[in-house]
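Observations on the model geometry
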Amino acid sequence: MAAIETEALTKDFPIGFWRPRPYRALESLTLSVGEGEVFGFLGPNGAGKSTTLKLLMQLLYPTSGTARILGRPVGDVSVKRRLGFLPEHPYFYDYLTSEELLTYFASLFGYHGEDRRRRVAAVLDEVGLGAERRLKLRQCSKGMVQRVGLAQAILNEPEVIFLDEPMSGLDPLGRRDVRQLMLRLRARGCTVFFSSHILADAEALCSQVAILAQGRLRAQGRLSELLAFELKGWELVVSDLAADRRAALESRGVRITHIDHDRCTLELPATPGPEALVHELAGGGARVVSLMPVRDTLEDLFVREVAAGGRRDTEGL
Amino acid sequence: MRAILLVAGAVFRESVRDRVPYSLVAFAVILMAASYLISQLTAGQDLKIIKDLGLASMSIFGLLIAVFIGIGLVAKEVERRSIFALLVKPMSRDQFLIGKYLGLVLTLIANLGAMTVAYYLVLGYTELTTHVSIKAGWPAPAVDPRLLLAIGMILAELMVVTAVALFFSTFSSPLLATLLTLGLWTAGHFNADLRNFGAVVESEVAAGIALGLYYLLPNLAPFDIKAEVVHGVPVAWSHLGLTLAYAAVYIAALLTTAVLVFRRRDFK
């Protein structure tokens, strides 16, 4: 059974006060996410990612189409018990502490007494907020509030978790923690659906991705299917490259980019292999700093698909 | 029911920590204390002034608390997006809204309770420091338990106002909801004029509209029994009973409409 399914999900927002016109934020989205997958929902700002997540959480009602989570229609209270959700830029009550907020939410999930206290303490520790649990939320930094948001999303040990831009507002350490948290969730069998425009995160975590642009699905599938992982070339960084050698390489069509006073990057084709050139350069006194294969990345795919969508211009108005 | 009570408890906890109601209650208490000083400047009317000012303070500051926190219950939650994480928890939108309302009523009871204690302390001090000969001329004792009737009716009125605030906050911005609620509160105190509008205009349409508005807008004047209580005039139990029944029906109608609006609302 698919953990998350949408069928021709469409959302229009009315624009204008006196004569509202519909603005299509999401067009006929059909998706299927298997149980236990880490699904990256990617797209530039304004692509419709948050709209989709809100439709799945029934914070918005669709103009047309349907969505199901764990085989039940969205909004079903019995399904809500099995879900976690982190909204984008979460905000909570100013005068409650993170411990009180989580205790409140845990009670809504049916936790009582000692069980509840233990669960709240466990998630606070899991997101690294154990020491700050008695700080009022209005005194918390943006990154701390984001961690509180993550804590409330995993409070009920969800079977499916939706994370809207989970890395937003976090420092590099915080981002690493979130990545590790997502991997732990995956290891527990939780389906993770997260939206992001940070491709490195998606590439490192996702088994499947979908790319959305201007409300339309541009690509969906396993990374291995979407990306041609064949070798596109080599990136060779060398130092102490003599001027005559450099000129000779350029005359052979090798593109050379200067990095600093004695280092430069050489872009080599996939074939022939770089071994002969490395020997040749070493013989000429140059030193090889690094040699990296160049493959198709998620960023290449993203740029290609988003660009294919074109832009929405004024149409001459 | 459990979810409703949990939401109500959280609203109460959040509200009692907010500085705004504290400052409003503190201001009301200061005004009550000041009424004792003002009463010293007037001959023979001292107790009446203390009682009047005290009840008026409770009414006005209670209104401010009901409106400003009542609006914040939903409109600010939507504006700040704190509602997103809450509405996906295992409860319905109906339970969320009713819980919010009950939470604010609890907050109002706590704030009015604090003001009532301060009020009776000022009245008790007046009773103790006043000469017996002056006390003989009072229409009612200083520490008069009947004042609780007036305070109870203030609470009932504020519960109606809270329901109005909650209703507006389900579909409008915090500022607009505040203005609409204060406007309706003002109109509610002059509602009886709408009923008699037909007698002073010739247009049947205008008279019909006025009568329609009379039934639609909250009629808040019957809740005001301050003058009767302060002057020791009896208040009929039937008046109290009918007014409270009216409050219950009006609140139920408002909350039902608010729930129906809120159920289908999109949160962008």
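Owing to the predicted nature of the structure, the values given are computational and were not obtained by experimental measurement. (Residues numbered from 1 in each chain as written. Chains lettered and ligands numbered in written order. Predicted model: local features only at pLDDT ≥ 70, side-chain atom pairs only at ≥ 80, totals over all residues. Heavy atoms only, no water.)

1. Notes on the overall build of chain A
The secondary structure content of chain A amounts to 11 helices and 14 strands. Rg of the C-alpha trace for chain A: 25 Å, well past the compact-globule value of 20 Å for 317 residues, more than 25% over. Considered along the principal axes of its C-alpha atoms, chain A spans approximately 75 × 55 × 40 Å. Summing over all exposed atoms, chain A offers an accessible surface of approximately 15200 Å²; the carbon and sulfur share of this is 50%. For chain A, the distance from the average position of its 41 positive side-chain charges to the average position of its 41 negative side-chain charges is 6 Å. (Helix = DSSP H or I, 4+ residues; strand = E, 2+ residues; numbered from the N terminus. Rg over C-alpha atoms; globule rule 2.2 N^0.38 Å. Areas by Shrake-Rupley, 256 points an atom, 1.4 Å probe, with all protein chains shown as cover. Lys, Arg positive; Asp, Glu negative; His and termini not counted. Charge placed at Lys NZ, Arg CZ, Asp CG, Glu CD.)

2. What about the overall build of chain B?
Within chain B, the regular secondary structure consists of 13 helices and zero strands. When the helices and strands of chain B are placed in sequence order, the string is α-α-α-α-α-α-α-α-α-α-α-α-α. Computed over C-alpha atoms, the radius of gyration of chain B comes to 21 Å, within 12% of the 18 Å expected from 2.2 N^0.38 for 268 residues, which places it in the range of a compact globule. Expressed along its principal axes, the backbone C-alpha trace of chain B runs to roughly 65 × 55 × 30 Å. Evaluated residue by residue, chain B yields a buried proportion of 50% over its 268 residues. Counted over contacts in chain B with a minimum sequence separation of 6, partners at least 24 positions apart contribute 80%. Total accessible area on chain B is roughly 12200 Å²; 71% of this is exposed by carbon and sulfur atoms. Averaging the positions of the 20 positive and the 16 negative side-chain charges in chain B gives two centres separated by 13 Å. (Buried < 20%, exposed > 50% of the residue type's maximum accessible area, 1.4 Å probe, protein only. Contact = heavy atoms within 4.5 Å.)

3. A word on the environment of Leu137 of chain A
All names here are of chain A. You can see Leu137 is positioned in the loop between helix 4 (113-126) and helix 5 (142-154). Sequence spacing of Leu137 and Glu99 is 38 residues, and the spatial spacing of their C-alpha atoms is 9.7 Å. Aside from chain neighbours lying at most four places away, what touches Leu137 is Phe92, Tyr93, Asp94, Leu96, Thr97, Ser98, Leu101, Val145 and Val148.

4. A few points about the pattern of salt bridges
Residues and elements named next belong to chain A. A complete count under the given rule lists 26 salt bridges over all chains for this structure. A salt bridge links Arg24 to Asp12; its shortest N-O distance comes to 2.7 Å. Placement of the pair is Arg24 in strand 2 (residues 21-34) and Asp12 in strand 1 (residues 2-15), with a sequence separation of 12 residues. Overall, the relative accessible area of 36% leaves Arg24 in the partly exposed class. Residue classification places Asp12 among the buried residues on the basis of a relative accessible area of 16%. Counted as one network, the salt bridges with shared partners bring together Glu114, Asp115, Arg117 and Arg118. (Salt bridge = Lys/Arg side-chain N within 4 Å of Asp/Glu carboxyl O.)

5. Quick look at the interface of chain B and chain A
Contacts between chain B and chain A engage 30 residues on the former and 32 residues on the latter. Summed over both partners, the interface of chain B with chain A buries about 3200 Å², with 59% contributed by carbon and sulfur atoms. Taken together, the connections running from chain B to chain A amount to two salt bridges. Here Arg80 of chain B and Asp94 of chain A are joined by a salt bridge, their closest N and O atoms 3.6 Å apart. Of all the secondary-structure elements, those providing two or more residues to the side of chain B that touches chain A are helix 1 (2-17), helix 3 (46-80), helix 4 (83-87) and helix 5 (93-129) of chain B. Counting residues per element, the side of chain B that touches chain A draws most heavily on helix 1 of chain B, at eight residues. For the side of chain B that touches chain A, the class distribution of residues is 12 nonpolar, one polar and 17 charged. (Buried area = accessible area lost by both parts, 1.4 Å probe. Nonpolar A, V, L, I, M, F, W, Y, C, P; charged D, E, K, R; others polar.)

6. Side note on the domain arrangement of chain A
Domain annotation of chain A identifies domain 1 (2-227) and domain 2 (231-295). Inter-centroid distance (C-alpha atoms) of domain 1 of chain A to domain 2 of chain A is 45 Å. (Domains from an automatic or database assignment.)

7. Comments concerning the packing of helix 5 of chain B against helix 13 (residues 237-263) of chain B
All names here are of chain B. Following both chains from N to C, one finds helix 5 and helix 13 inclined at 140°, their axes separated by 9 Å at the closest point. When the interaxial angle is binned, helix 5 and helix 13 end up oblique. For the crossing formed where helix 5 meets helix 13, the hand is right-handed. Facing helix 5, whose interface residues are Arg93, Asp94, Phe96, Leu97, Ile98 and Tyr101, helix 13 presents Ile251, Leu255, Ala258, Val259, Phe262 and Arg263. (Axes fitted to C-alpha atoms, helices over the stretch in contact; angles between N-to-C directions. Parallel < 35°, antiparallel > 145°, perpendicular 65-115°, else oblique. Left-handed = near helix turned anticlockwise from the far one by under 90°.)

8. Considering the packing of aromatic side chains
All told, the structure shown has 14 aromatic pairs over all chains when counted by the stated rule. Aromatic side chains Phe162 of chain A and Phe193 of chain A sit 5.5 Å apart centroid to centroid with 50° between the ring planes, which places their arrangement in the tilted category. Of this pair, Phe162 of chain A sits in strand 7 (residues 160-164) while Phe193 of chain A is found in strand 8 (residues 191-196), placing the two residues 31 residues apart along the sequence. Aromatic pair Phe168 of chain B and Phe171 of chain B: ring centres 6.1 Å apart, planes at 70°, arrangement edge-to-face. Following the ring pairs from residue to residue traces out a cluster consisting of Phe39, Phe41, Phe162 and Phe193 of chain A. Here the guanidinium or amino end of Lys89 of chain B rests over the ring plane of Phe105 of chain A, the centre of that ring lying 4.6 Å away. Residue placement shows Arg264 of chain B over the ring face of Tyr61 of chain A; its charged tip is 3.8 Å from the ring centre. (Phe/Tyr/Trp six-rings, centres within 6.5 Å; stacked < 30°, edge-to-face > 60°. Lys NZ or Arg CZ within 6 Å of the ring centre and 35° of its normal.)

9. Notes on the sheet that holds strand 6 (residues 83-86) of chain A
All names here are of chain A. Taking strand neighbours across the sheet as the criterion, the six strands line up as 6-7-8-3-9-10 in an open arrangement whose pairing is mixed. Each edge of the sheet is formed by a strand with only one pairing partner; in this case those strands are strand 6 and strand 10 (216-222). Shown here is a sheet whose adjacent strand axes are inclined to one another by a mean of 15°, direction ignored. The sheet contact formed by strand 7 and strand 8 spans five bridges and is parallel. The partner of Val160 across the bridge, within strand 8, is Thr191. Contacting strand 6 and strand 7, helix 5 crosses the sheet at an angle of about 170° to strand 6. Against the sheet, helix 6 (residues 172-187) touches strand 3 (38-42), strand 7 and strand 8, its axis set at about 150° to strand 8. (Pairing = 2+ DSSP bridges.)

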